[in-house]
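Residue strings, one per chain:
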Amino acid sequence: MIINTLLTIIGEQQKIIGVQKQEIEALKEKLNTNSDNSSKPPSSNLFKSNKNNKNKKKGKRNRGGQPGHPGVTRNLLPETEVDHIEKHQPPSLCECGGDVKSMNEYSRHQVHDIPPITTVVTEHQLFFGCCEDCGKTHQAKLPTQIPTGMLGPYLLALIATLTSDYKMSKRDVSRFLMDFYGLSICIATVKRAEETMSTALEKPVNEAKEYIKAQDMVNADETSHAECGKRMWTWAAIANLVAVFLITATRSTQSAKELLGATFKGILGSDRYSAYLWIAANFRQICWAHLKRDVKKISEREGKSKMIGLRLLVYTNRLFHYWHQVRDGTMTRERFKELIGPIRHQVEWLLIAGTNSGHKKTQGTCFDILKIKAALWTFTDTIGVEPTNNIAEQVLRKIVIWRKICFGTWSANGTLYLERVMTVVATCRLQNRSSYGFMRDAIQAHLERKKSPSLLPESQ
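Residues numbered from 1 in each chain as written. Predicted model: local features only at pLDDT ≥ 70, side-chain atom pairs only at ≥ 80, totals over all residues. Heavy atoms only, no water.

**Some details on the overall build of the protein**
Then, number 1: When helices and strands are tallied, the protein shows 13 helices and seven strands.
Then, number 2: Sorting the 460 residues of the protein into buried and exposed places 38% on the buried side.
Then, number 3: Approximately 29,900 Å² of the protein is accessible, and the part contributed by carbon and sulfur atoms is 54%.
Then, number 4: Mean positive and mean negative side-chain charge positions of the protein (65 and 45 charges, respectively) differ by 10 Å. (Helix = DSSP H or I, 4+ residues; strand = E, 2+ residues; numbered from the N terminus. Buried < 20%, exposed > 50% of the residue type's maximum accessible area, 1.4 Å probe, protein only. Areas by Shrake-Rupley, 256 points an atom, 1.4 Å probe, with all protein chains shown as cover. Lys, Arg positive; Asp, Glu negative; His and termini not counted. Charge placed at Lys NZ, Arg CZ, Asp CG, Glu CD.)

**Observations regarding the side chain of Ser270**
Then, number 1: Assignment of secondary structure puts Ser270 in strand 6 (residues 267–270).
Then, number 2: According to the relative accessible area criterion, Ser270 is buried, its value standing at 0%.
Then, number 3: One polar contact links Ser270 to Arg284, side chain to side chain, over a distance of 3.2 Å.
Then, number 4: Among all residues touching Ser270, those that are not within four sequence positions of it are Ala220, Tyr276, Arg284, Gln285, Ile286, Cys287 and Asn389. (Polar contact = N/O pair within 3.5 Å; in protein donor to acceptor, adjacent residues only side chain to side chain. Contact = heavy atoms within 4.5 Å.)

**Some remarks on the pairing of strand 5 (residues 242–248)**
Then, number 1: Counting buried residues in strand 5 gives seven out of seven residues, a clear majority hidden from the surface.
Then, number 2: In strand 5, alternate side chains face the same way, and those of Val242, Val244, Leu246 and Thr248 on one face and Ala243, Phe245 and Ile247 on the other are all buried.
Then, number 3: By the bridge criterion, seven bridges tie strand 4 (residues 230–239) to strand 5 in an arrangement that is antiparallel. Residue pairing in the sheet places Ala239 in a bridge with Val242 of strand 5.
Then, number 4: Linking strand 4 back to strand 5 in an antiparallel pair, the connection comprises two residues, with Asn240 at a positive phi of about 50 degrees. (Pairing = 2+ DSSP bridges.)

**Section: the sheet that holds strand 5**
Then, number 1: Across the sheet, five strands lie side by side as 5-4-3-6-7; this open sheet has mixed pairing. Each edge of the open sheet is held by one strand with a lone partner, namely strand 5 and strand 7 (284–286). In this sheet, adjacent strand axes meet at a mean angle of 25 degrees when their direction is disregarded.
Then, number 2: Sheet topology places strand 3 (residues 217–227) next to strand 6; three bridges connect them, and they run parallel. By the bridge assignment for strand 6, Met217 is matched with Ile267.
Then, number 3: The strands touched by helix 4 (residues 187–213) within the sheet are strand 3, strand 4 and strand 5, with strand 5 carrying the most contacts at an inclination of about 105 degrees. (Axes fitted to C-alpha atoms, helices over the stretch in contact; angles between N-to-C directions.)

**Regarding unusual backbone geometry**
Then, number 1: For Leu241, which is not glycine, the phi dihedral falls at a positive 65 degrees.
Then, number 2: Take Leu241: it is sitting in the loop between strand 4 and strand 5.
Then, number 3: Of the residues examined, Leu241 reaches a relative accessible area of 42% and is grouped as partly exposed.

**Here we look at helix 13 (residues 435–447)**
Then, number 1: Between the first and last C-alpha of helix 13 there are 18 Å, a value that for 13 residues agrees with the 18 Å anticipated at 1.5 Å per step.
Then, number 2: For helix 13, every residue scored as buried is listed here: Ser435, Gly437, Phe438, Met439, Ala442, Ile443, Ala445 and Leu447.
Then, number 3: Looking at the buried positions of helix 13, the neighbouring elements they touch are helix 2 (153–164), helix 4 and helix 12 (412–430).
Then, number 4: The residue sitting at the N-terminus of helix 13 and contributing the capping side-chain oxygen is Ser434; that oxygen lies 3.4 Å from the backbone nitrogen of Tyr436.
Then, number 5: With its phi angle positive at about 60 degrees, Arg449 sits one or two positions after the end of helix 13. (Expected span 1.5 Å × (residues − 1).)

**A few points about the pattern of salt bridges**
Then, number 1: Throughout the structure, instances matching the rule amount to 17 salt bridges.
Then, number 2: When the shortest N-O distance is used, the salt bridge between Glu300 and Lys296 registers 3.7 Å.
Then, number 3: The partly exposed category is assigned to Glu300, whose relative accessible area is 35%.
Then, number 4: With a shortest N-O distance of 3.1 Å, Glu338 and Arg335 are connected by a salt bridge. With Glu338 and Arg335 both in helix 8 (residues 333–354), this residue pair falls three residues apart, about one helical turn.
Then, number 5: The exposure class assigned to Glu338 is exposed, which follows from its relative accessible area of 52%.
Then, number 6: Residues joined in a network through salt bridges with shared partners are Asp165, Lys398 and Arg429. (Salt bridge = Lys/Arg side-chain N within 4 Å of Asp/Glu carboxyl O.)

**Things to note about helix 8**
Then, number 1: Taking 1.5 Å as the rise per residue, helix 8 with 22 residues should run 32 Å; its terminal C-alpha atoms sit 30 Å apart, in good agreement.
Then, number 2: Ile340 marks the point of greatest bend in helix 8, at about 30 degrees, and the proline Pro342 comes within the next four residues.
Then, number 3: What helix 8 keeps buried is the set Arg333, Phe336, Leu339, Ile340, Ile343, Val347, Glu348, Leu350, Leu351 and Gly354.
Then, number 4: Taken together, the buried residues of helix 8 touch helix 6 (288–299), helix 7 (304–328), helix 9 (360–371) and helix 10 (378–381). (Bend = angle between axes of the 7 residues up to and from the residue.)

**As for the pairing of strand 3**
Then, number 1: With nine of eleven residues buried, strand 3 lies mostly within the body of the structure.
Then, number 2: Where strand 3 folds back on strand 4, the antiparallel hairpin that results is connected by two residues, among which Cys228 adopts a positive phi of roughly 55 degrees.

**Concerning the confidence of the model for the protein**
Then, number 1: Confidence in the prediction for the protein averages 89 pLDDT; 92% of positions are at 70 or higher.
Then, number 2: In the model of the protein, helix 1 (residues 2–31) stands out as the element of lowest mean pLDDT, 75, in contrast to strand 5, which has the highest, 97. (pLDDT = per-residue confidence, 0-100.)

**Considering the packing of aromatic side chains**
Aromatic rings considered in pairs are described by the distance between their centres and by the relative angle of their planes.
Then, number 1: Under the definition given, this model contains eight aromatic pairs.
Then, number 2: The rings of Phe176, Phe180 and Tyr181 are connected pair by pair, giving a single aromatic cluster.
Then, number 3: Geometry around Trp233 places Arg251 over its ring, the cationic atom sitting 4.8 Å from the centre.
Then, number 4: Taking NZ or CZ as reference, Arg251 lies 3.9 Å from the ring centre of Tyr273, over its face. (Phe/Tyr/Trp six-rings, centres within 6.5 Å; stacked < 30°, edge-to-face > 60°. Lys NZ or Arg CZ within 6 Å of the ring centre and 35° of its normal.)

**What to know about the state of the cysteines**
Then, number 1: Under the definition given, this model contains zero disulfides.
Then, number 2: We note that Cys406 lacks a disulfide partner, and the nearest cysteine sulfur, in Cys228, lies 15 Å from it.
Then, number 3: Residue classification places Cys406 among the buried residues on the basis of a relative accessible area of 16%.
Then, number 4: For the unlinked cysteine Cys428, the closest cysteine sulfur is that of Cys406, found at 19 Å. (Disulfide = S-S within 2.5 Å.)

Okay, here's the thing in structure tokens:
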């Protein structure tokens, strides 16, 4: 009886220990979650790991320019492009007491500065008139190209640029205009300027959205947004130097279809998020940078997961090594395909092994990847498809930083303005165009009832 009782107690304790061991492993995994093994940004890392630096020799180079590095100097402008020339003569007397005769030789030194800044105020006087026959009073009307508010097109474009590309708050914009231009405007005026610009950007932004839906290759990503403290979602889509943003209430398939078009027929580069599952796997390219983080997470677990994860990391690194050679032109695509074949076989075999690893999370991750395994290899056969979704993440980072600084929007109109103005900012950045110049042209076209400028690359 005593032995049976002891065996029962031991069995119960072993069950408790097993449960506690799983809890400890889960807590350790959560504690060790960072930007290398999850989608968390690097700024969220609590500790910087030195593991990757252990085998690296300490660099001997000092900071700054290195010996032998070619210097970079600013070329002088030709005299025909200089605004003012001031001629300075040498001293009239030499230290020896002799007279100094000026020569026709001189060195050149140029100083760049900005002129005193002030606003240009134009007053429009609308005269009255009276009919000599019936006595009816008439008044002149403002020309259509003149804004009805106090701000002109250049100032409207500047305000929009400051609140978007330079991530300034409305209060900061008001202070900026006072400090630099001596112009006093209230926050409400800044808000009205944003609404005016939002209307002016409606046509070019809608044109860009339709352009994205018709492209053969699109990269997409999403991030959170806040409107009046309520959680919303910002979606980004990039194709052929055009980037568009869409802010919706949900992170759903419906929102993804609104972004890409319900009849989207191109190839989509993205992460493994389920909202994109309506697109067939052979028309998708899953981001290998995300997959590498998933694999690293698996490699940090115990048992079979560790072995499977480490081997997957080897093949993932090898894949990137070969791809970089293709991208740099040091390896042909034919040779790349030959090398990728065995890697593909091993990766898929290891993922199948992962579904039987005995670790619930590893099994779930491997099973989910295998469901869309065709989407892992689209880039190997289709020219123009990248193995990562880096371009979408880079474009999305602009609005993420804006969100962290400005804390979201506070009205539906404000959200619509942000969606439109950041579409202009991101696209102009990709095309190396001036976002201020584009918005200036857009607001002038809007005021003069002319055709809006286009964000499409063919329009440049």
